[in-house]
Amino acid sequence: MDFSEIEKRGLVLLGCGKMGSAMLAGWLGQGLSPTAVHVVEPFPSDWLSGTGVALNGKLPEAPAVVLVAVKPQMMGEALPTLKAMGGGETLFVTVAAGTTLATYETILGAATPVVRAMPNTPAAIGRGITAICGNDSTTEAHLALAEGLLSAVGQVVRLEGEHQMDAVTAISGSGPAYVFHMIEALAAAGEALNLPAELAMSLAKATVGGAGQLAEDSDVSPAQLRVNVTSPGGTTAAALAVLMDPEAGLPPLMQRATAAAEARGKELGK
């Protein structure tokens, strides 16, 4: 990534918890000077304090980027302090869940370019996927800059617009929790078949993790990978007959679950 504009004008990172730290580690690893980064974080970790970034000091007047990574409930007090940076010269990128582009425009002014991003928790190990969309004041250059910064923690995809954000949140934003629960359920099923708890959990974790990696790395579709594992009339086929039941199986359950997540996202966004 080309950090020249950021090196010249600086980057403000508002909030440096798990997500902020993962991004910062990625940028520093790609060669961004610690002195170009100004972090605002009331409870800095030992790691953050040791990076050499400017911490809780005077901020540049017109940085290249302000990246907002505070928890949504902190937004009310954090954002107004940056109001002077609104108006167009500084790009605001936000990874705070649930806060709409309109909210930022109200506080910072409609001429402020804002990119809203929804990363997910595997970003902590550089394996996230982040969906982004911009407001009317963002240019292609703004989106490219945001994409470059967010690619430090995994893949980045662009949305048609903010109207897709609640659906994305329901699939990839909240999705890791569904997978963690599947691991729990698979391990519990192993215990019900009289496997020791520790063994059942080891099998479930490695199976879900390995299958996920295989699906991501393979040129073959997940549907074909499933077929490849399934011998006609075998054990996998017996289990899939239950899981793929059109009325009581996984597809209708997943649709109900994600529809509930999307609906809740819409409520929270109001």
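What counts, and where the lines are drawn
Residues numbered from 1 in each chain as written. Predicted model: local features only at pLDDT ≥ 70, side-chain atom pairs only at ≥ 80, totals over all residues. Heavy atoms only, no water. Helix = DSSP H or I, 4+ residues; strand = E, 2+ residues; numbered from the N terminus. Core = buried A, V, L, I, M, F, W, Y, C linked by side-chain atoms within 4.5 Å. Buried < 20%, exposed > 50% of the residue type's maximum accessible area, 1.4 Å probe, protein only. Contact = heavy atoms within 4.5 Å. Salt bridge = Lys/Arg side-chain N within 4 Å of Asp/Glu carboxyl O.

Novice: Pulling in residues and values, what's your account of unusual backbone geometry?
Specialist: Even without being glycine, Asn 56 reaches a positive phi, approximately 55°. Examined against the element boundaries, Asn 56 turns out to sit in the loop between β3 (54-55) and β4 (65-68). Although it is not a glycine, Asn 194 sits at a positive phi angle of roughly 75°. Tracing the sequence through the fold places Asn 194 in the loop between α8 (175-192) and α9 (197-217).

Novice: Account for the nonpolar core, with residues named and values stated.
Specialist: Grouped together as the largest cluster of nonpolar side chains are 33 residues, with contacts concentrated most on Leu 13, Leu 24 and Trp 27. Elements with a contribution of two residues or more to this core: β1 (11-14), α2 (18-29), β2 (37-40), β4, β5 (91-94), β6 (114-118) and α6 (140-150). Beyond its immediate stretch of four places on either side in the chain, Trp 27 contacts Phe 3, Leu 11, Leu 13, Leu 32, Leu 67, Leu 149 and Ala 152. Grouped together as the second largest cluster of nonpolar side chains are 22 residues, Val 66, Val 70, Met 75 and Met 118 included.

Novice: Can you lay out the pattern of salt bridges for me, pointing to particular residues and giving the numbers?
Specialist: Counting across every chain of the model gives 8 salt bridges. A salt bridge links Glu 5 to Lys 8; its shortest N-O distance comes to 3.5 Å. Within this pair, Glu 5 and its partner Lys 8 are both found in helix α1 (residues 4-9), separated by 3 residues, close to a single helical turn. Residues Arg 264 and Glu 267 are paired through a salt bridge, measuring 2.7 Å at the closest nitrogen-oxygen approach. Here the residue Arg 264 and the residue Glu 267 both occupy positions in helix α12 (residues 250-268), the gap between them amounting to 3 residues, near one helical turn. Classification of Arg 264 as partly exposed rests on a relative accessible area of 44%.

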